[in-house]
Amino acid sequence: MSGSGTGMQTPAIMVQGTGSNVGKSLIVAGLCRLFTNRGLSVRPFKPQNMSNNAAVTEDGGEIGRAQALQAMGCRVPLSVHMNPVLLKPETDTGAQVIVQGKRFGTMKAREYGQQKETLLPKVLESFAATSSKVDLVVVEGAGSPAEINLRAGDIANMGFAEAADLPVILCADIDRGGVIASVVGTHAVLEAGEQQRIKGFFVNRFRGDPSLFDDGMREIATRTGWQDLGVVPWFADAGKLPAEDALGLEDGFGSGGLKIAVPVISRIANFDDLDPLRLEPGVALELVQPGEALPGDADLVLLPGSKSTVGDLEFFRKQGWDLDLRAHHRRGGHILGVCGGYQMLGKTIADPEGIEGNPGSVDGLGYLDVETVLTPDKSTVFAEGVHVASGAPFSGYEIHIGRTTGSDCSRPMMRLKDGHADGAISEDGLASGTYVHGLFTSDTFRSAFLKSFGVASDLSYDRDIDLILDNLAGHLEKVLDIDAILEIAQAR
C-alpha cells in the first residue's frame, strides 16, 4: 500500500480536536494499534506538541510521551521524527523548544509565535522521514483548529494539514458538555477550504447508551456536511495508560498498605515514573496538590522530575512542603528524588549561566550531601544497570541538565551497565536520589523496591499496557467506521 518509490503519497490521516484534552492522543494510539493488528505498517506523527512528559528515542533525542505510547501501539521503536517540535513549558510565558529531538532554545510565547513558521520545513522533513516506506501514518493535531487566533504560521493543525495535504477527521468530547456547539462552532470559524479538508467527525467519551445521541449526530452531520464516523463510549481503562498532560494528575490511585505521597510541583516533568506505581494493588499513591499538606502517614515521599528545578524548589517551599518533609524525615519516613527531585534533595543548586533564570545559587533541601551545577549540555540517553541495594536489573532513561557530585555519591543508588554510578543515598539511608527515569516500569526493580517496604508485586507493567492497547483497538473497531477512516486516508 505504501506510496514509497511509486510517485504516490503514503496514506495518512490527521486527527484534530474541538479542543485540548478531548482524547486525541488516546484515539490515535488506539488507531495505531488497530491498523497494526490489521497487518499494516503504521507510524504516529505529531508536528508540534506541548508537554513536559517526554520520552527518549533510540536516536538520542526526545519526543512527547503520547507519541511514545502511539509508537508502542505500532510496535515500533521511537524516533525524533515522530514529534519534530516539542515545547516544554518552563514558566507561564516561556518554554524550551525541542526540534527533531534536540534543544533549539528557550523562547517566550510571543517570540515562538513569530518563529514557528520557520520550523515548518523541519516538520515536513520529519513527516517525510516518518511516512517513508510505511502503509499508513496517523497524525495528531494539537489543541484545536478552532483557535483561529493562532492560525497565522500554524504548524500544529490546519497549517500543517494544508502543507502536507492531509485529510482530517475531527474528535469531539461529549463528557465535557456542549458537544454539538463545539463541532458546529468549529465548522463555523474555519475557512471554506479548511471545512472541506475535514472529511468526518466522531464523538468521544460517551457514557451510557450511544443510540440516545443518534439525533445529535444527525444534527451535526446536517449542519457541517461532514461524515458521521461514530460515537466512542467511555473506555474505562484509559486512566491506566500513561498520561501526557499534568491535568491528569488530580487524583490519587489505589488503596494498598504502602502510602507514597507525591507533591505535584508546578513544572512537574516525566511523571510517567508514577504510572506503574498507581497500578500496584499494594500501593496507595497520593498526589498532593498545591495548598495541601504532605500526609503525615506517608511511608515514602517521592519528589518527581521538574522542568524548572530552581523555580519548583521555590514553589515547594511556598506550599510549606519543606516543613512537612522535615517532619516526615524525623518520623523515619523515606524520601526518593528522581532527576529534578534528586537535585532538590541536595545542599545547593547552582545555575552560573542563568539557564533557568537569573544566574546564581540556591540552597537545596539538604537531605543528601551533594551539590548540583546546571549546565547547558543536556543528557538524553537510555540507561541500564542494577539497583545497588538489591541487585535487581533496571532499564530507563536520563533526560536532564546539570551534574551532581558530593560525598553521598559514594553510596550510589544505581550501577549503570557502563560501570558508572548514578544517584546517591544519605548516611542514614532514609533519603536517596537518581537521575534515571522509568525505573518503575522495570518489573524486577519495582518488585525489589516494593519488597523493601514489605509489599509483594506480581504486576507485569509492559504486558498490561500492551493488553490495554489491544483492548482499546478492539473498542474502536466496534464503534467507529474504521473502513471509512482508512478510505479517507487512502484517498489522500
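Preceding this section is the structure that the text describes.
Small disclaimer: the values here were computed from a predicted structure and weren't measured.

K.L.:
For this particular structure, what's the right way to read the overall build of the protein?
P.N.:
Each helix and strand in the protein was counted, giving 15 helices and 26 strands. For 492 residues, the compact-globule formula gives about 23 Å, and the C-alpha radius of gyration of the protein, at 23 Å, lands near that figure. The dimensions of the protein, computed from C-alpha atoms along their principal axes, are 70 × 45 × 45 Å. Residues counted as buried form 58% of the 492 residues belonging to the protein. Taking the intrachain contacts of the protein between residues at least 6 apart in sequence as the baseline, contacts between residues at least 24 apart amount to 73%. Summing over all exposed atoms, the protein offers an accessible surface of approximately 19400 Å²; the carbon and sulfur share of this is 50%.

K.L.:
Whenever I open this one, the pairing of strand β13 (residues 258–263) confuses me. Can you help?
P.N.:
Counted residue by residue, β13 has 6 buried out of 6 residues, so it is predominantly covered. Burial along β13 is two-sided: the face carrying Leu258, Ile260 and Val262 and the face carrying Lys259, Ala261 and Pro263 are both buried. Of the strand pairs in this sheet, β13 and strand β15 (residues 283–288) are connected by 6 bridges, and their pairing is parallel. If you follow proline 263 over to β15, its bridge partner there is valine 288. In this sheet, strand β16 (residues 300–303) lies alongside β13 in parallel orientation, the contact comprising 2 bridges.

K.L.:
What is the right way to read the sheet that holds β13 from this model?
P.N.:
Spatially, 6 strands are ordered β15-β13-β16-β18-β26-β25 in an open sheet, and the strand pairing comes out mixed. Bordering the open sheet on either side are β15 and β25 (424–425), each of which pairs with just one other strand.

K.L.:
Is there a simple way to explain helix α11 (residues 321–330) in this structure?
P.N.:
Three- or four-residue spacings in an α-helix give side chains the same orientation, since the helix completes a turn every 3.6 residues. Three or more residues of α11 are buried, namely Trp321, Asp322, Leu325, Ala327 and His328. Its buried side turned inward, α11 meets β13, β15, β16, α10 (309–318) and β18 (334–338). One or two positions beyond α11, positive phi appears at glycine 332, with a value near 90°.

K.L.:
Is there a simple way to think about the pattern of salt bridges in this case?
P.N.:
As a working rule, side chains carrying opposite charge can pair if their charged atoms are close by. Scanning the model with the defined rule gives 29 salt bridges in all. Note that arginine 38 and glutamate 477 form a salt bridge whose closest N and O atoms lie 2.6 Å from each other. Of this pair, arginine 38 sits in the loop between α1 (24–37) and β2 (42–45) while glutamate 477 sits in helix α14 (residues 461–479); the two residues are 439 residues apart in sequence, bridging distant segments of the chain. Using a relative accessible area of 37% as the deciding quantity, one classes glutamate 477 as partly exposed. For arginine 38, a relative accessible area of 36% translates into the label partly exposed. In the salt-bridge network here, residues are joined through shared partners; they are Arg33, Arg75, Asp466 and Asp470.

K.L.:
For this particular structure, what's the right way to read a negative patch on the surface?
P.N.:
A surface patch of negative charge is lined by Asp209, Asp214, Asp228, Asp481 and Glu487. With respect to the helices, strands and loops of the structure, aspartate 481 is situated in the loop between α14 and α15 (482–490).

K.L.:
Before we go on, may I ask you to explain the sheet that holds strand β1 (residues 12–17) in this structure?
P.N.:
What holds strands together in a sheet is hydrogen bonding between their backbones, with the strands either parallel or antiparallel. Spatially, 6 strands are ordered β2-β9-β1-β10-β11-β12 in an open sheet, and the strand pairing comes out parallel. Of all the strands in the sheet, the pair left with one neighbour each is β2 and β12 (227–233). Averaged over neighbouring strand pairs, the angle between their axes works out to 20° when direction is ignored. Of the strand pairs in this sheet, strand β11 (residues 198–206) and β12 are connected by 4 bridges, and their pairing is parallel. The partner of phenylalanine 201 across the bridge, within β12, is aspartate 228. Each of β2 and β9 (136–140) touches helix α2 (residues 65–74); the most contacted strand, β2, lies at about 170° to it.

K.L.:
Hey, could you run me through the environment of threonine 36 in this one?
P.N.:
Within the secondary structure, threonine 36 sits in helix α1. Overall, threonine 36 belongs to the buried group, its relative accessible area being 14%.

K.L.:
Help me out: how do you make sense of the pairing of β1 in this one?
P.N.:
If a strand is regular, its side chains alternate between the two faces of the sheet. With 6 of 6 residues buried, β1 is to be regarded as a mostly interior element. In β1, alternate side chains face the same way, and those of Ala12, Met14 and Gln16 on one face and Ile13, Val15 and Gly17 on the other are all buried. Both β1 and β9 contribute to a ladder of 4 bridges, which runs parallel. By the bridge assignment, alanine 12 is partnered in β9 with valine 137.

K.L.:
Just checking my understanding: could you explain the packing of helix α6 (residues 179–189) against helix α8 (residues 214–224) for this structure?
P.N.:
Each pair of packed helices gets described by two things: the angle between the helix axes and the distance between those axes. As a packed pair, α6 and α8 sit with axes 10 Å apart at the nearest point and diverge in direction by 10°. With respect to α8, the element α6 is oriented roughly parallel. Of the residues in α8, those in contact with Ile180, Val183, Val184 and His187 of α6 are Gly216, Ile220, Arg223 and Thr224. Considered class by class, the residues forming the contact of α6 with α8 number 4 nonpolar, 3 polar and 1 charged.

K.L.:
I'm lost on the side chain of aspartate 312 in this one. Help?
P.N.:
Checked against the element boundaries, aspartate 312 lands in helix α10. One buried charged residue, aspartate 312, remains without a salt bridge, the closest side chain of opposite sign being arginine 267 at 6.2 Å. Side chain to side chain, aspartate 312 and serine 266 meet in a polar contact 2.5 Å long. A polar side-chain atom of aspartate 312 sits 3.0 Å from the main-chain amide nitrogen of arginine 267. The residues touching aspartate 312, leaving out its near neighbours within four places in the chain, are Ile265, Ser266, Arg267, Ile268, Ser306 and Met344.

K.L.:
For this particular structure, what's the right way to read the nonpolar core?
P.N.:
Most often, soluble globular proteins have nonpolar side chains that are buried together. Ranked by size, the top nonpolar core spans 55 residues in total, and within it Ile260, Leu302, Leu325 and Leu365 carry the most contacts. Leaving out residues up to four positions away in the same chain, leucine 302 has contacts with Ile260, Ala261, Val262, Pro263, Leu274, Leu277, Leu336, Val338 and Phe440. By size, the runner-up hydrophobic cluster in this structure holds 46 residues, among which are Ala71, Phe235, Leu279 and Leu469.

K.L.:
Where do I start with the packing of aromatic side chains in this structure?
P.N.:
The description of two aromatic rings rests on the distance between their centres and on the angle between their planes. Here the structure, examined in full by the defined rule, presents 11 aromatic pairs. A ring pair is formed by phenylalanine 449 and phenylalanine 453, whose centres lie 5.5 Å apart and whose planes are at 55°; its orientation type is tilted. Take phenylalanine 453: its relative accessible area is 24%, and that puts it in the partly exposed class. By way of ring pairs, the aromatic residues Phe440, Phe445, Phe449 and Phe453 are connected into one cluster. Here the basic side chain of arginine 207 rests over the ring of tryptophan 234, its NZ or CZ set 3.6 Å away from the ring centre.

The rules we used
Residues numbered from 1 in each chain as written. Predicted model: local features only at pLDDT ≥ 70, side-chain atom pairs only at ≥ 80, totals over all residues. Heavy atoms only, no water. Helix = DSSP H or I, 4+ residues; strand = E, 2+ residues; numbered from the N terminus. Rg over C-alpha atoms; globule rule 2.2 N^0.38 Å. Buried < 20%, exposed > 50% of the residue type's maximum accessible area, 1.4 Å probe, protein only. Contact = heavy atoms within 4.5 Å. Areas by Shrake-Rupley, 256 points an atom, 1.4 Å probe, with all protein chains shown as cover. Pairing = 2+ DSSP bridges. Salt bridge = Lys/Arg side-chain N within 4 Å of Asp/Glu carboxyl O. Patch = residues over 30% accessible without salt bridge, like charges linked within 9 Å, V, L, I, M, F, W, Y side chains within 5 Å. Lys, Arg positive; Asp, Glu negative; His and termini not counted. Charge placed at Lys NZ, Arg CZ, Asp CG, Glu CD. Axes fitted to C-alpha atoms, helices over the stretch in contact; angles between N-to-C directions. Parallel < 35°, antiparallel > 145°, perpendicular 65-115°, else oblique. Nonpolar A, V, L, I, M, F, W, Y, C, P; charged D, E, K, R; others polar. Polar contact = N/O pair within 3.5 Å; in protein donor to acceptor, adjacent residues only side chain to side chain. Core = buried A, V, L, I, M, F, W, Y, C linked by side-chain atoms within 4.5 Å. Phe/Tyr/Trp six-rings, centres within 6.5 Å; stacked < 30°, edge-to-face > 60°. Lys NZ or Arg CZ within 6 Å of the ring centre and 35° of its normal.

Don't take any of this as a statement about function, it's just geometry.
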